[in-house]
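Each chain, letter by letter, is given below.
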Amino acid sequence: MMRGQFLAALTLATMASPVLAQSASPMPVVLPNETILRVSGEGSVRTTPEIAEVSVGVSTTGPTALEALSQNNRKTAALVDALREAGITGEHIQTTDLSVAPEYAENAKVDRITGWRATNSLTIRTIDLENLGALMTVLFEAGGNTINTPQFDLTEPSRLRAVREAESKALAEAQDQAEATARSMGMRIARTLLVSDSTVNFTGGGGHIVVTGSRSGRPAVPIEPGQIEIRAKYAIEYALVPR
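Residues numbered from 1 in each chain as written. Predicted model: local features only at pLDDT ≥ 70, side-chain atom pairs only at ≥ 80, totals over all residues. Heavy atoms only, no water.

1. Looking at the overall build of the chain
Counting its regular elements, the chain contains four helices and 10 strands. Ordered by position in the sequence, the α and β elements of the chain form the string α-β-β-α-β-β-α-β-β-α-β-β-β-β. Of all 243 residues assigned to the chain, the portion counted as buried reaches 31%. Within the chain, contacts between residues at least 6 apart in sequence are counted, and of these 84% link residues at least 24 apart. (Helix = DSSP H or I, 4+ residues; strand = E, 2+ residues; numbered from the N terminus. Buried < 20%, exposed > 50% of the residue type's maximum accessible area, 1.4 Å probe, protein only. Contact = heavy atoms within 4.5 Å.)

Spelled out as structure tokens, the structure:
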């Protein structure tokens, strides 16, 4: 009986071993004379935005839903025409929200509809940042009555270059830290055991303007794109050995 139980256990262990071996993550082998050192490095790059996205809304009211929407359609069409005249092509204009909703009387004991509100929001994408302020003025003069904070970004090739540069700086910083620590311990780096996936963050993509109203003056709205910061971080494990 004992011999049968032993064989069964051995068989189960043998069958399970390949599965466990496949699911386990490979771990670097550390030699007896090696010491593991874990460091992290960060790198950052600051660069000027190349693209701006602006969200503009057209809001209209009317006694009926159809009248509110009809007014909105006319104003939105005029706004799109003004954008085209300003050099914004169709592929850079996108409808992001369209809604028609009732408005209710305030402080009423029962819900009472007093009118309807239609809202159409467009997102405009442009690379002409020098004239972005003038574009904002055009949006208001053409009938837009809500403009949200501009969002700034990079073109895809520039974004990729900036990420690679930030990652390179992060790796170099980690290497410098490891070498300095090893020297202070009377050791040296023998090899790299593990490099984590990089963590990349973008900051500074938002502007500093929220404008609402029926019209603005002819002078261009002052806008400062600032800079976008790209930060990368790596965690690295090194094997150290005595000098």
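2. A short note on the side chain of serine 121
Structurally, the position occupied by serine 121 is in strand 4 (residues 113-126). Excluding residues within four positions of it along the chain, serine 121 makes contact with Val56, Gly57, Gln94, Thr95, Thr96 and Asp97.

3. Observations concerning the pairing of strand 4
The pairing of strand 2 (residues 51-62) with strand 4 spans 11 bridges and is antiparallel. Bridge pairing in strand 4 places glutamate 53 opposite arginine 125. With 11 bridges connecting them, strand 3 (residues 93-104) and strand 4 associate as antiparallel partners. Note that in strand 4 the partner of leucine 98 across the bridge is asparagine 120. (Pairing = 2+ DSSP bridges.)

4. Quick look at the pattern of salt bridges
Where charged atoms from two side chains of opposite charge come close, those side chains can pair. Going through the model one piece at a time under the given rule, you end up with 10 salt bridges. Salt-bridge contacts for arginine 125 lead to glutamate 53; the nearest nitrogen and oxygen are separated by 2.8 Å. With arginine 125 in strand 4 and glutamate 53 in strand 2, this residue pair connects regions lying 72 residues apart in the sequence. Residue classification places arginine 125 among the partly exposed positions, given a relative accessible area of 33%. Each of Glu42, Arg46, Glu229 and Arg231 takes part in a single network of salt bridges with overlapping partners. (Salt bridge = Lys/Arg side-chain N within 4 Å of Asp/Glu carboxyl O.)

5. Observations regarding the nonpolar core
If you look at the biggest cluster of nonpolar residues, it comprises 23 residues, and the most contacted ones within it are Ile124 and Leu139. Put simply, the parts of the chain that give this core at least two residues each are strand 2, helix 2 (65-85), strand 4 and helix 3 (132-141). Broken down by element, the residue count for this core peaks at five residues, all from helix 3. If sequence neighbours within four positions are ignored, isoleucine 124 has contacts with Ala52, Glu53, Val54, Val56, Leu83, Ile88, His92, Leu135 and Leu139. One finds Leu154, Ala170, Ala232 and Leu240 within the second-largest nonpolar core, a separate group that totals 19 residues. (Core = buried A, V, L, I, M, F, W, Y, C linked by side-chain atoms within 4.5 Å.)

6. Some words on helix 3
Among the 10 residues in helix 3, seven count as buried, and that is most of the element. Those residues of helix 3 lying buried are Leu132, Gly133, Leu135, Met136, Thr137, Leu139 and Phe140. Remark: glycine 143 follows helix 3 within two positions and exhibits a positive phi of approximately 120 degrees.

7. Some words on the packing of aromatic side chains
This structure, assessed with the given rule, holds zero aromatic pairs. Sitting over the face of the ring of phenylalanine 202, arginine 159 holds its NZ or CZ atom 4.1 Å from the ring centroid. (Phe/Tyr/Trp six-rings, centres within 6.5 Å; stacked < 30°, edge-to-face > 60°. Lys NZ or Arg CZ within 6 Å of the ring centre and 35° of its normal.)

8. Observations regarding the environment of serine 55
Following the sequence through the fold, serine 55 ends up in strand 2. Residue classification places serine 55 among the buried residues on the basis of a relative accessible area of 19%. As a C-alpha pair, serine 55 and leucine 122 span 67 residues in sequence and 5.6 Å in three-dimensional space. Sequence-distant contacts of serine 55, that is, excluding residues within four places in its chain, are made with Leu122, Thr123, Thr146, Ile147 and Asn148.

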